2 protein chains.
Amino acid sequence: MTSTPRRRGADRTEAIMRTTVELGQEIGYAKLSIEAIANRAGVGKHTIYRRWSSKGALLLDSLLSLDDPDLDFSYTDDVLADLREQAYAAVELLARPPVGPLVQALIAEAQHDPRVAAEFKERFITPMAGKLVKRLKAAQEEGHLSPDFDLDLAMAICSGPLYFQFLITQEPITREYVNDVFGALFAGMSPRPAATR
Amino acid sequence: MTSTPRRRGADRTEAIMRTTVELGQEIGYAKLSIEAIANRAGVGKHTIYRRWSSKGALLLDSLLSLDDPDLDFSYTDDVLADLREQAYAAVELLARPPVGPLVQALIAEAQHDPRVAAEFKERFITPMAGKLVKRLKAAQEEGHLSPDFDLDLAMAICSGPLYFQFLITQEPITREYVNDVFGALFAGMSPRPAATR
């Protein structure tokens, strides 16, 4: 195939994103500058800024350009097991460089740059929340999930405790932790009706 | 009182932390450099680095030097109401500058600097978790909380959904949101025993 300008543009875009991930792994995403990426990729800074308005925007595209992770939910008769399995997969993905440090760097950028936060939410969180809500809705229809559980809260409640561990305590998210969290979320904090009423 | 060297040292420490907060509010905590703080506070950079190993360490001390917020829990007969009240207070504190942006900046630093994460956890998260666990333990003893609820998970489960909203979706954390989250955590995601068994 001949190399058309469009094709060269796509190659260059891909090369910049690949450089972002590689250089970030080498020196840490905090130290990564647009200038350093441009130098390593052999392009001008303006070439990068023409496509990405900020480092955060470039980090997000670079993250999403990585091999598409399969974070779909199973639909068995055991919704709790299906949620746990999907969480294991998400946690393993986060534990595998460069994904974890990239997500951390993105969330760090999002604390200073509301546009990065909005784009991260739109392109990463919202699609994940959509899959989760769909899975939970099916469980509600089958009577495997409380009909009162507010699906609008699903992402915050199911993933909040995992993000808390990932971003704040920064302790390893083990399978046991995932199991314990979902066990507690399913059981609820309220004393059992039988014990108190 | 005569100004002893120790007193002058304490004054200078306080002035540096005050400058950190003020300058951060003016220009944003992301743009804040040790050099800019030193210039504004009228001290040398080395004076700052002698006391704080990093920007994150200085941000954390500056946050903790602010007026001590009363985030203690009430101990009424209604543990759910007590949790909600304490969460309202925490959320209001986060909504009031400079606290919210300072906490965001600290968590951003913690994504790149494990020492900042460890210190933030030790000096901010762990004490809060201690208060929460104490409150929940009392509720368990009084039969107002499931005896099966694992108190080791309490902080992640109760505050995870709030941090998720604060850091990731960055939507306002309303009282209604707090109420809905705790309502869902208490009820649990499992279908009611009466409905299924």
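Residues numbered from 1 in each chain as written. Chains lettered and ligands numbered in written order. Predicted model: local features only at pLDDT ≥ 70, side-chain atom pairs only at ≥ 80, totals over all residues. Heavy atoms only, no water.

Going by an unreviewed UniProt entry, chain A carries the name TetR/AcrR family transcriptional regulator and comes from Streptomyces coryli.

The next point concerns the overall build of chain A. Scanning chain A from terminus to terminus reveals 10 helices and 0 strands. Its helices and strands in sequence order give chain A the pattern α-α-α-α-α-α-α-α-α-α, from N to C terminus. With respect to the principal axes defined by its C-alpha atoms, chain A has extents near 70 × 40 × 25 Å. The buried share among the 197 residues of chain A stands at 48%. Restricting to contacts in chain A with at least 6 residues of sequence separation, those with at least 24 account for 60%. In chain A, 23 positive and 27 negative side-chain charges are present, and the distance between their average locations comes to 8 Å. (Helix = DSSP H or I, 4+ residues; strand = E, 2+ residues; numbered from the N terminus. Buried < 20%, exposed > 50% of the residue type's maximum accessible area, 1.4 Å probe, protein only. Contact = heavy atoms within 4.5 Å. Lys, Arg positive; Asp, Glu negative; His and termini not counted. Charge placed at Lys NZ, Arg CZ, Asp CG, Glu CD.)

Moving on, we get to the pattern of salt bridges. Residues and elements named next belong to chain A. Throughout the structure, instances matching the rule amount to 22 salt bridges over all chains. As a salt-bridge pair, R51 and D61 come within 3.8 Å of each other at their nearest N and O atoms. Here D61 lies in helix α4 (residues 55-65) and R51 lies in helix α3 (residues 45-51), a separation of 10 residues in the sequence. Taking the shortest distance from any N to any O, the salt bridge between D82 and R135 comes out at 2.9 Å. (Salt bridge = Lys/Arg side-chain N within 4 Å of Asp/Glu carboxyl O.)

Take the interface of chain A and chain B next. Contacts between the two partners involve 50 residues from chain A and, on the opposite side, 50 residues from chain B. Summed over both sides, the interface of chain A with chain B buries roughly 4,200 Å², with 70% coming from carbon and sulfur. By the criterion of area lost to chain B, the three top residues of chain A are Q111, I168 and M189 of chain A, representing 20% of everything that side buries. Linking chain A to chain B there are 2 salt bridges. Notably, a salt bridge pairs K121 of chain A with E171 of chain B, separated by 2.4 Å at the nearest N-O pair. Run the count over chain A and chain B and you get 16 residue pairs in polar contact (both at pLDDT 80 or more). Mapped onto the side of chain A that touches chain B, the elements with two or more residues apiece are α6 (99-112), α7 (114-141), α8 (154-169) and α9 (175-187) of chain A. Grouping the amino acids of the side of chain A that touches chain B by side-chain chemistry returns 31 nonpolar, 13 polar and 6 charged. (Buried area = accessible area lost by both parts, 1.4 Å probe. Polar contact = N/O pair within 3.5 Å; in protein donor to acceptor, adjacent residues only side chain to side chain. Nonpolar A, V, L, I, M, F, W, Y, C, P; charged D, E, K, R; others polar.)

It is worth spelling out empty space enclosed by the protein at this point. Scanning the model with the defined rule gives 1 cavity of 30 Å³ or more in all. In this structure, the largest cavity encloses a volume near 30 Å³. Lining the largest cavity are Y163, F164, L167 and I168 of chain A together with Y163, F164, L167 and I168 of chain B. Mapped by element, the contributors of at least two residues to the lining of the largest cavity are α8 of chain A together with α8 (154-169) of chain B. Looking at the lining of the largest cavity, its residues break down into 8 nonpolar, no polar and no charged. (1 Å grid on protein atoms, 1.4 Å probe; cavity = no way out; pocket = protein on both sides within 12 Å on 5 of 7 lines; lining within 4 Å. Points joined across faces, edges and corners; volume = space filled by probe spheres on them.)

Our next topic: the packing of aromatic side chains. Any aromatic ring pair is given by two values, namely how distant the centres are and how the planes are angled relative to each other. In this structure the tally under the stated criterion is 4 aromatic pairs over all chains. Taken together, a centroid distance of 5.6 Å and an interplanar angle of 50° make the contact between Y163 of chain A and F164 of chain B tilted. You can see Y163 of chain A sitting in helix α8 and its partner F164 of chain B sitting in helix α8, one on each of two chains. The exposure classification of Y163 of chain A matches that of F164 of chain B, with both residues buried. Sitting over the ring of Y88 of chain A, R175 of chain A keeps its end group 4.1 Å from the ring centre. (Phe/Tyr/Trp six-rings, centres within 6.5 Å; stacked < 30°, edge-to-face > 60°. Lys NZ or Arg CZ within 6 Å of the ring centre and 35° of its normal.)

Moving on: α4 of chain A. Among the 11 residues that make up α4 of chain A, 9 are buried, leaving the element largely enclosed by the rest of the structure. Those residues of α4 of chain A that sit buried are K55, G56, A57, L58, L59, L60, D61, S62 and L63 of chain A.

With that settled, the discussion passes to the relation of the copies chain A and chain B. The transform that puts chain A on chain B rotates by 180° and translates by 0.0 Å along the axis, for an RMSD of 0.0 Å. With respect to symmetry, the two chain copies, as superposed, fit the operation of a two-fold axis. A high fraction, 100%, of the interface residues of chain A reappear at the interface in chain B, so the copies pair face to face through one surface. (Least-squares fit on C-alpha atoms with pLDDT ≥ 70 in both.)

As a further point, take a negative patch on the surface. Residue and element names in this part refer to chain A. A cluster of acidic side chains, namely D77, D78, E141 and E142, defines a negative patch on the protein surface. If you trace the backbone, E142 turns up in the loop between α7 and α8. Taking the relative accessible area as the measure of exposure, E142 reaches 45% and is therefore partly exposed. (Patch = residues over 30% accessible without salt bridge, like charges linked within 9 Å, V, L, I, M, F, W, Y side chains within 5 Å. Areas by Shrake-Rupley, 256 points an atom, 1.4 Å probe, with all protein chains shown as cover.)

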